[in-house]
Amino acid sequence: MKGEFDNKAMSVTDAQFLANQMQLYYAHHDKERFDLLKIFNQQPQHFKHMDVIAQLNRGIEIKPKEKQDKTEDKSESS
């Protein structure tokens, strides 16, 4: 990947996030991500950015509060 950074267009944090997302989609073999890339590149008129956001949200694992409490209780009793 190669590019030039323009701090007038985006922040350093946003540029890093964008680079990380590109790596997720282009460097890892995941069918769902590949399908999104294929639509983006080959059928851009059918591409929906909300599909990417939904896929990203599914990829973030958040522990429910109950599980966190049980995990903490076990570590405290040790």
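Residues numbered from 1 in each chain as written. Predicted model: local features only at pLDDT ≥ 70, side-chain atom pairs only at ≥ 80, totals over all residues. Heavy atoms only, no water.

Trainee: Outline a nonpolar patch on the surface, listing residues and values.
Mentor: A cluster of nonpolar side chains, namely Phe-5, Met-10, Val-12, Leu-18, Met-22, Tyr-26 and Phe-40, defines an oily patch on the protein surface of about 670 Å² accessible area. You can see Tyr-26 is positioned in helix H1 (residues 12–27). Judged by its relative accessible area of 52%, Tyr-26 is exposed. (Patch = residues over 30% accessible without salt bridge, like charges linked within 9 Å, V, L, I, M, F, W, Y side chains within 5 Å. Areas by Shrake-Rupley, 256 points an atom, 1.4 Å probe, with all protein chains shown as cover. Salt bridge = Lys/Arg side-chain N within 4 Å of Asp/Glu carboxyl O. Helix = DSSP H or I, 4+ residues; strand = E, 2+ residues; numbered from the N terminus. Buried < 20%, exposed > 50% of the residue type's maximum accessible area, 1.4 Å probe, protein only.)

Trainee: Report on the packing of aromatic side chains, specifying residues and quantitative values.
Mentor: The geometry of an aromatic ring pair is captured by the separation of the ring centres together with the interplanar angle, meaning the angle of the planes. Within the structure shown, the criterion is met by one aromatic pair. Ring centres of Phe-40 and Phe-47 lie 5.0 Å apart, and the angle between their planes is 75 degrees; this geometry places the pair in the edge-to-face category. Judged by its relative accessible area of 44%, Phe-40 falls in the partly exposed class. Relative accessible area serves as the criterion here: at 25%, Phe-47 is assigned to the partly exposed category. When the ring centre of Tyr-25 is taken as reference, the NZ or CZ atom of Arg-33 above it lies at 5.6 Å. (Phe/Tyr/Trp six-rings, centres within 6.5 Å; stacked < 30°, edge-to-face > 60°. Lys NZ or Arg CZ within 6 Å of the ring centre and 35° of its normal.)

Trainee: I'd like a rundown of the pattern of salt bridges, residues and numbers included.
Mentor: Applying the stated criterion across every chain yields a total of two salt bridges. A salt bridge links Lys-31 to Asp-35, with the shortest nitrogen-to-oxygen separation between them at 2.9 Å. One end of the pair, Lys-31, and the other, Asp-35, are both in helix H2 (residues 31–42), four residues apart, so they sit about a helical turn from each other. For Asp-35, a relative accessible area of 29% translates into the label partly exposed.

Trainee: Which residues make up the packing of H1 against H2, and what values go with them?
Mentor: Remark: H1 packs on H2, axes separated minimally by 8 Å, with the N-to-C direction vectors making an angle of 100 degrees. Between H1 and H2, the crossing angle belongs to the class labelled roughly perpendicular. Note on element contacts: H2 touches H1 through Arg-33, Leu-36, Leu-37 and Asn-41, opposite Leu-24, Tyr-25 and Tyr-26. Broken down by class, the residue content of the contact of H1 with H2 amounts to five nonpolar, one polar and one charged. (Axes fitted to C-alpha atoms, helices over the stretch in contact; angles between N-to-C directions. Parallel < 35°, antiparallel > 145°, perpendicular 65-115°, else oblique. Contact = heavy atoms within 4.5 Å. Nonpolar A, V, L, I, M, F, W, Y, C, P; charged D, E, K, R; others polar.)

Trainee: Now, about the confidence of the model for the protein: what can you tell me, with residues and values included?
Mentor: Confidence along the protein averages 79 in pLDDT terms, with 74% of residues attaining 70 or more. Of all secondary-structure elements in the protein, the lowest mean pLDDT belongs to helix H4 (residues 65–77), at 53, while H2 reaches the highest, 91. (pLDDT = per-residue confidence, 0-100.)

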